[in-house]
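# A structural walkthrough
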Amino acid sequence: MSGLCSTCDWGFGRLNGGLTTCPSMIGLTLPRRCQPRGGAGVTTGVVAVLKTPSKLAAWVSRASSSTARGVYAEEDEERLRKGIAELYDESSGLWEDIWGDHMHHGFYDADYSNANNDASASISSLLSDHRSAQLRMIEETLQFAAVPEDPMKRPKSIVDVGCGIGGSSRYLARKYEAQCQGITLSPVQAQRAEALAAAEGLADKVSFQVADALNQPFPDAQFDLVWSMESGEHMPDKAKFVNELVRVAAPGGTIIIVTWCHRNLSPSEESLQAEEKDLLKKICDAYYLPAWCSTSDYVNLLQSLSLQDIKAADWSEYVAPFWPAVIRSALTWKGFVSLLRSGLKTIKGALVMPLMIRGYKKGLIKFAIITCRKPA
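Conventions used here
Residues numbered from 1 in each chain as written. Predicted model: local features only at pLDDT ≥ 70, side-chain atom pairs only at ≥ 80, totals over all residues. Heavy atoms only, no water. Helix = DSSP H or I, 4+ residues; strand = E, 2+ residues; numbered from the N terminus. Buried < 20%, exposed > 50% of the residue type's maximum accessible area, 1.4 Å probe, protein only. Contact = heavy atoms within 4.5 Å. Areas by Shrake-Rupley, 256 points an atom, 1.4 Å probe, with all protein chains shown as cover. Disulfide = S-S within 2.5 Å. Core = buried A, V, L, I, M, F, W, Y, C linked by side-chain atoms within 4.5 Å. 1 Å grid on protein atoms, 1.4 Å probe; cavity = no way out; pocket = protein on both sides within 12 Å on 5 of 7 lines; lining within 4 Å. Points joined across faces, edges and corners; volume = space filled by probe spheres on them. Nonpolar A, V, L, I, M, F, W, Y, C, P; charged D, E, K, R; others polar. Phe/Tyr/Trp six-rings, centres within 6.5 Å; stacked < 30°, edge-to-face > 60°. Lys NZ or Arg CZ within 6 Å of the ring centre and 35° of its normal. Salt bridge = Lys/Arg side-chain N within 4 Å of Asp/Glu carboxyl O.

### Notes on the overall build of the protein
Looking only at helices and strands, the protein has 14 helices and 10 strands in total. Looking at the 376 residues of the protein, the share that counts as buried comes to 53%. A fraction of 77% describes how many contacts in the protein between residues 6 or more apart in sequence connect residues 24 or more apart. Carbon together with sulfur atoms contributes 53% to the accessible area of the protein, which is approximately 16,500 Å² in total.

This is the structure we're talking about:
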């Protein structure tokens with residue numbers, strides 16, 4: 001069955017047993033909410049089908065406007081932003097105390113778990129390994145994206161979208177002798193990032209502020225490198241998120257998205273399996289995540305904007321040791337006491353860490369890297 005959505009005038013395909021996918025959400029395969037013109041959000045029971053590339057490009061353009069139909073109603077987005085900010089306000093101090101200033105996965109050799117399965121190893125030596133892996137993640141990401149190191153071509157201005165306490169910002173500013181601006185929803189993170197930058201003599205190179213990645217406080221075409229390390233999973237409107245990354249990128253600039261995705265659907269599938277959705281929902285509830293999308297969804301968005309050198313890869317096998325290491329560090333006396341002191345949101349997040357491991361092992365959760373270049 002096919003036709004037009006009476007809410008947003010977009011074509012749709014087969015009815016899907018109540019799957020709430022709005023046709024205006026360009027084919028994303030998880031539940032979405034459609035908002036009619038001038039009215040409240042309504043649920044549609046259809047699966048989006050792209051009719052022409054020009055329709056997709058037109059929709060992405062509309063996604064950046066003040067009247068764009070988002071995934072969440074405005075009050076839902078505000079509730080999500082508040083939850084994310086409070087989660088990181090609570091947990092960032094604990095993370096820094098145990099893991100340091102890089103709040104992202106590490107990159108490991110594929111056989112790391114077998115080669116380092118030594119129960120007698122001290123937690124301090126293991127943490128040293130994992131902190132090194134976090135720095136390697138940055139370097140592997142830059143290499144994958146082919147960010148130039150030539151002094152004449154390397155990035156001079158960088159934005160760190162979802163900067164945490166500024167670990168990547170400071171690293172990139174040093175590496176490229178560049179100016180870097182970081183944004184986060186957490187006031188605690190922004191304040192700590194500023195303090196660390198000052199302590200490391202980088203106050204003139206990096207700066208941080210509280211801002212929304214879906215409405216960035218920067219002019220168009222400002223940054224040679226747009227860096228998003230594990231922040232995309234928090235974005236309720238992936239199209240608007242990508243559109244903002246592209247907007248602030250300078251002509252010829254590199255855009256890097258490293259994020260959690262769900263697996264790509266097979267040609268015969270219209271959605272994830274019920275048990276897969278249930279697992280992801282439990283993770284979403286703990287980490288303040290909206291609905292997930294796949295790597296191919298991101299690639300489709302980038303293609304719709306005529307970006308160049310689009311590349312994507314699944315790095316799940318290279319991050320596999322990370323969550324077991326986080327759990328092990330939490331089970332030390334220091335980790336346990338710090339966790340109890342941190343707050344209920346952090347404790348709730350800790351309790352679902354085994355679900356992340358299960359998701360990776362089932363092939364449901366994918367650690368994705370997607371990079372591209374804005375036309376010069």
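Picking up where we left off.
### Some thoughts on the state of the cysteines
Under the defined criterion, the tally for this structure stands at zero disulfides. Free of any disulfide, Cys293 has its nearest cysteine sulfur in Cys261, 5.0 Å distant.

### Some remarks on the side chain of Thr371
Mapping Thr371 onto the fold places it in strand β10 (residues 365–373). The class of Thr371 is buried, set by a relative accessible area of 1%. In contact with Thr371, not counting residues within four places along its chain, are Phe144, Ala145, Ile255, Ile256, Asp309, Ile310 and Lys311.

### What to know about the nonpolar core
In this structure, Leu142, Tyr287 and Trp323 are the most contacted members of the largest nonpolar core, which totals 61 residues. Residues in contact with Trp323, not counting those within four places in the same chain, are His105, Trp260, Tyr287, Met353, Met356, Ile357 and Tyr360. Core analysis: the second largest hydrophobic core is formed by 29 residues, Val161, Val226, Val242 and Tyr298 among them.

### Things to note about empty space enclosed by the protein
One pass over the full model with this rule turns up two cavities of 30 Å³ or more. In this structure, the second largest cavity occupies an estimated 30 Å³ of space. Around the second largest cavity, the lining residues are Glu233, Lys238, Trp260, Ala291, Trp292 and Cys293. Class assignment of the residues belonging to the lining of the second largest cavity gives a composition of four nonpolar, no polar and two charged.

### Some details on unusual backbone geometry
At Ala146, a position not held by glycine, the phi torsion is positive, near 55°. Mapped onto the elements, Ala146 comes out in the loop between α4 (123–144) and β4 (157–161). Positive phi values are uncommon outside glycine, yet Glu230 reaches one of about 60°. By secondary structure assignment, the location of Glu230 is in the loop between β7 (223–229) and α7 (238–248).

### Some words on the packing of aromatic side chains
If you walk through the whole model with that rule in mind, you get 13 aromatic pairs. Ring plane angle 10° and centroid distance 4.8 Å describe the contact between Phe107 and Tyr318, whose orientation is recorded as stacked. In this pair, Phe107 is assigned in the loop between α2 (74–99) and α3 (112–115) and Tyr318 in helix α10 (residues 316–319), connecting sequence segments 211 residues apart. Given the relative accessible area of 25%, Tyr318 is considered partly exposed. One aromatic cluster in this structure is built from Trp95, Trp99, Trp260, Tyr287, Trp292, Phe322 and Trp323. Over the face of the ring belonging to Phe144 we find Lys311, whose NZ or CZ atom lies 4.6 Å from the ring centre.

### Overview of the pattern of salt bridges
Taken as a whole and assessed by the stated rule, the structure comprises 24 salt bridges. For Arg263, the salt bridge is made with Glu269, and the minimal N-O distance between the two is 2.8 Å. Owing to a relative accessible area of 15%, Arg263 belongs among the buried residues under this scheme. Across the pair Lys282 and Asp278 runs a salt bridge, and its minimum N-O distance is 3.5 Å. Taken together, the positions of Lys282 and Asp278, both in helix α8 (residues 274–287) and four residues apart, correspond to about one turn of that helix.

### Some points on the environment of Ala313
Position of Ala313 among the secondary structure elements: in strand β9 (residues 308–314). For the pair Ala313 and Ala368, spaced 55 residues apart in sequence, the C-alpha to C-alpha distance is 5.8 Å.

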